[in-house]
Amino acid sequence: MAPQLTGTPRRRRPAFPQSRSTEQPTRHPAVALAMALPCAVLLVILFGGWDQMANQAQAVADLISR
């Protein structure tokens, strides 16, 4: 048996609100790179990603050369 809803339903906020008249400028790609690059370097050092990346690049090069 399904439960019955009583009272007034709550209104949900829209997932994507309407854009306002003042648009915020987008971030420059160099700023995004400066934010992501230190994290990427840290992960490569911690998890030995350099060897894995070299292996993947070699595998892709082998597939392309066939």
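Structure's up top.
Presented here is a report on the structure given in the accompanying data block. (Residues numbered from 1 in each chain as written. Predicted model: local features only at pLDDT ≥ 70, side-chain atom pairs only at ≥ 80, totals over all residues. Heavy atoms only, no water.)

**Considerations on a nonpolar patch on the surface**
Line of reasoning, step 1. Among the surface-exposed residues, Leu33, Leu37, Val41 and Ile45 lie close enough to one another that they form a single nonpolar patch of about 390 Å² accessible area.
Line of reasoning, step 2. The topology assignment puts leucine 37 in helix α1 (residues 29-47).
Line of reasoning, step 3. The exposure class of leucine 37 is partly exposed, given its relative accessible area of 46%. (Patch = residues over 30% accessible without salt bridge, like charges linked within 9 Å, V, L, I, M, F, W, Y side chains within 5 Å. Areas by Shrake-Rupley, 256 points an atom, 1.4 Å probe, with all protein chains shown as cover. Salt bridge = Lys/Arg side-chain N within 4 Å of Asp/Glu carboxyl O. Helix = DSSP H or I, 4+ residues; strand = E, 2+ residues; numbered from the N terminus. Buried < 20%, exposed > 50% of the residue type's maximum accessible area, 1.4 Å probe, protein only.)

**Topic: α1**
Line of reasoning, step 1. In this model α1 runs 26 Å from its N-terminal to its C-terminal C-alpha over 19 residues, within 8% of the 27 Å that 1.5 Å per residue would give.
Line of reasoning, step 2. Of all the bends in α1, the greatest reaches close to 30° and is centred on alanine 36; the proline proline 38 follows between one and four positions later. (Expected span 1.5 Å × (residues − 1). Bend = angle between axes of the 7 residues up to and from the residue.)

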